[in-house]
Structures are given as structure tokens and as C-alpha cells.
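Examination of the molecular architecture
The residues making up each chain are set out below.
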Amino acid sequence: MSNKPNIVLVHGAWADGSSWSKLIPILEEAGFNVVATQQNLLSLADDAEIARRTIEAQEGPVLLVGHSYGGAIITETAHLCPNVIGLVYIAGFALDLGESLAILSSSGPVAPPGAAAIRPDQYGSLWIDRKMFADNFCQDLDETEGHTMAATQKPLSVACFEGKVTNAGWKNLPCWYQISSEDRMIPPQAEQFMAQRINAKTITLPSSHVTMLSHPEEVAEFIESAAEELAASTTATTSAHL
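Residues numbered from 1 in each chain as written. Predicted model: local features only at pLDDT ≥ 70, side-chain atom pairs only at ≥ 80, totals over all residues. Heavy atoms only, no water.

1. Observations concerning the sheet that holds strand β7 (residues 156–157)
Strands in a sheet are paired, the pairing made by backbone hydrogen bonds, and the direction either parallel or antiparallel. Spelled out, the test is: When DSSP locates at least two bridges between a pair of strands, those strands are taken to pair. Secondary structure follows DSSP: runs of H or I at least 4 residues long count as helices, runs of E at least 2 residues long count as strands, and numbering of each begins at the N terminus.
Within the open sheet, the 3 strands sit side by side as β5-β6-β7. Their pairing is antiparallel. The sheet terminates laterally at β5 (118–120) and β7, the two strands that pair on one side only. Sheet topology note: the strand β6 (residues 125–128)/β7 ladder contains 2 bridges and is antiparallel. Opposite Leu 126, over in β7, you have Leu 156 as the bridge partner.

And the structure:
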């Protein structure tokens with residue numbers, strides 16, 4: 001494949017850029033330039049600016065990939081970056097204009113099991129109970145991985161949870177969405193709803209919330225297929241104008 005886009009990976013809550021550690025080598029081996037952001041998780045606006053600067057630093061088109069809360073970040077960021085040509089959601093929040101994680105999470109008939117593990121602290125941050133972390137966030141990883149993720153979790157500010165999207169970037173870009181059928185943090189039915197709402201090309205994997213760690217090969221293949229389709233479309237458009 002020629003004309004490969006850059007791939008920018010945006011992590012979600014209770015994690016950091018290392019959550020893409022299994023995926024990055026696969027994508028790089030396939031010939032992609034891959035960059036993972038490090039979000040502060042302090043506010044949606046702040047996180048969108050961090051992502052925007054990372055995207056701006058890339059030469060050429062960018063395929064933007066967001067996991068979980070990272071989906072809200074890429075939704076908010078895309079319109080600020082003219083070089084973004086597509087969005088991939090990995091069990092992510094594809095919010096609409098004026099929506100927040102809080103609004104969408106409260107709209108479902110039943111809260112996901114993992115909601116019972118979330119613990120607010122006195123400083124406005126949300127944590128996942130370490131004893132409940134593995135069973136709800138990453139139940140299909142091995143015990144060591146689960147304990148390590150629990151010990152290194154990066155809390156989410158309540159401000160992020162309540163931050164409303166001001167521009168829904170998916171309305172103007174081709175989208176892909178990976179649904180995790182065993183997700184205990186976001187209901188799989190909610191993921192299906194969001195995927196349909198954004199008219200995304202969709203796959204479903206029998207995964208926990210952290211699909212990129214439990215099914216890295218399948219997620220990489222999904223992202224690569226999106227990149228290939230975008231590259232082919234760009235090539236066809238360029239040829240049509242010659």
C-alpha cells in the first residue's frame with residue numbers, strides 16, 4: 001500500500017499511552033508511522049488540545065484512533081485538524097454535539113457492571129477500586145497485566161466525565177467502530193448504538209474493555225483496513241484530478 005496515513009492513538013481513562021504497547025509494534029511492522037498521545041485527563045478541552053498538537057506535528061494525513069474516553073477526545077479534536085481523514089473508535093465514546101460521558105452513561109436502562117467499581121476522591125478525580133479493577137476493566141488479560149494496570153491507573157477528572165462535546169467530528173469523516181461484546185465499562189449495546197449512529201464500519205470482538213491489549217492482532221488488522229481504504233480513496237481522488 002502506498003500513501004499510508006499516519007496513525008495517532010489516543011488512550012482513555014484509567015490508562016495512558018502504554019495501553020497501546022501491543023498494538024504499536026504490529027502497526028509499525030506494517031509500515032505505518034504511529035504516535036500515541038499522553039492525555040492529562042483533566043478536562044475534555046485540555047485533552048483535545050493535547051491531541052491536536054500531536055496531530056499537527058505529523059506530516060501528511062492522519063487516521064485518528066480513540067479508545068473509551070479517547071473516543072470523546074477524537075470526536076472533539078477532529079474538526080481542529082484538517083489533516084485528519086478518518087476516525088476509528090475502539091470501544092469508544094462517539095458522542096454527539098452537546099453530549100458528555102455523564103449524559104450518555106446515564107441514558108441507558110442499566111449501568112454497566114464496572115460503574116460499581118468507580119471511586120471518587122476528595123480532589124474531583126475518579127478511580128477504579130484496585131481490588132475490582134481487573135474483573136471489570138480487563139478481565140481477559142492475565143493476572144499480572146491486570147494487577148499492573150490497576151496499580152498504574154491514571155484517574156479521570158470529574159470535569160472530563162461531565163465535559164460536553166462542542167463539535168462532533170464524526171459527522172464529516174469516514175468512521176470505523178470496534179465493539180467489545182464482553183465490555184463491563186461501557187455496555188456493548190451502547191457501543192452498538194454509537195456505531196450505528198455514526199454510520200461506522202463495524203466489527204465485534206469477544207473482548208473486555210481493553211481490546212487493544214487482549215486482541216491486538218485483530219484490532220491492528222481493523223485499523224490497517226481503515227487506513228488502506230482511506231489511502232485507496234485518496235489515491236483515486238488524486239487520480240481523478242490529474
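2. Some points on the sheet that holds strand β2 (residues 34–36)
Heads up, the condition is: Inter-axis angles, ranging from 0 to 180 degrees, are taken between N-to-C directions of lines fitted to C-alpha atoms, where helices are fitted over the stretch in contact. Contact between two residues is taken to exist if any of their heavy atoms lie within 4.5 Å; hydrogens are not considered.
Judged by pairing direction, the sheet is parallel, and its 6 strands sit side by side in the order β2-β1-β3-β4-β8-β9 without closing on themselves. Where the open sheet ends on each side, the last strands, each with one partner, are β2 and β9 (201–205). Geometrically, the sheet is characterised by an average inter-axis angle of 15 degrees between neighbouring strands, direction not taken into account. Bridge count between strand β8 (residues 175–180) and β9: 5 bridges; the pairing is parallel. Within β9, the residue paired with Trp 176 across the bridge is Lys 201. Sheet strands touched by helix α3 (residues 69–77): β1 (6–10), β3 (62–67) and β4 (84–90). Its angle to β3, the strand with the most contacts, is close to 145 degrees.

3. Thoughts on the environment of Thr 166
Selection rule: Relative accessibility decides the category of a residue: with a 1.4 Å probe and only protein chains considered, values under 20% of the type maximum give buried, values over 50% give exposed, and everything between is partly exposed.
Here Thr 166 lies in the loop between α7 (158–162) and β8. Classification of Thr 166 as exposed rests on a relative accessible area of 54%. Put simply, Thr 166 and Trp 20 are 146 residues apart on the chain and 27 Å apart in space, counted from C-alpha to C-alpha. With sequence-adjacent residues up to four places away left out, Thr 166 is seen in contact with Glu 76 and Leu 97.

4. Focus on the packing of helix α5 (residues 130–137) against helix α6 (residues 143–151)
Convention followed: Note on angle classes: values under 35 degrees are labelled roughly parallel, values over 145 roughly antiparallel, values of 65 to 115 roughly perpendicular, and the remainder oblique. Should the near helix be turned counterclockwise from the far one by less than a right angle, the crossing is left-handed, whereas a clockwise turn marks it as right-handed.
Orientation of α5 relative to α6, taken along the N-to-C sense of each, is 125 degrees, at an axis distance of 9 Å. Relative to α6, the element α5 is oriented oblique. Where α5 crosses over α6, the two elements pack in a sense that is right-handed. Across the interface between the two elements, Arg 130, Phe 133, Ala 134 and Phe 137 from α5 touch Gly 146, Met 149, Ala 150 and Ala 151 from α6.

5. Some thoughts on the pattern of salt bridges
The line we're drawing: One side-chain nitrogen of Lys or Arg within 4 Å of one carboxyl oxygen of Asp or Glu is enough to make a salt bridge.
One pass over the structure, following the stated rule, counts 8 salt bridges. Across the salt bridge formed by Glu 49 and Arg 53, the nearest N and O atoms sit 2.7 Å from each other. Here Arg 53 and Glu 49 lie together in helix α2 (residues 44–56), a separation of 4 residues that amounts to about one turn. You can call Glu 49 partly exposed: its relative accessible area is 25%. The salt bridge involving Glu 99 is made with Arg 197; its shortest N-O contact spans 2.9 Å. Of the two residues, Glu 99 is situated in the loop between β4 and α4 (101–106) and Arg 197 in helix α8 (residues 188–197); the sequence distance between them amounts to 98 residues.

6. Structural notes on the nonpolar core
To be explicit about the condition: Residues belong to a common nonpolar core when they are buried Ala, Val, Leu, Ile, Met, Phe, Trp, Tyr or Cys residues joined through side-chain atoms within 4.5 Å.
Membership of the largest hydrophobic core comes to 72 residues, with the highest contact counts inside it found for Tyr 69 and Leu 87. Element by element, the count of residues in this core is highest for helix α10 (residues 216–240), at 7 residues. Once you skip the residues sitting within four places of it in the chain, Leu 87 turns out to touch Leu 63, Leu 64, Ile 74, Ala 78, Gly 169, Trp 170, Leu 173, Pro 174, Cys 175 and Trp 176.

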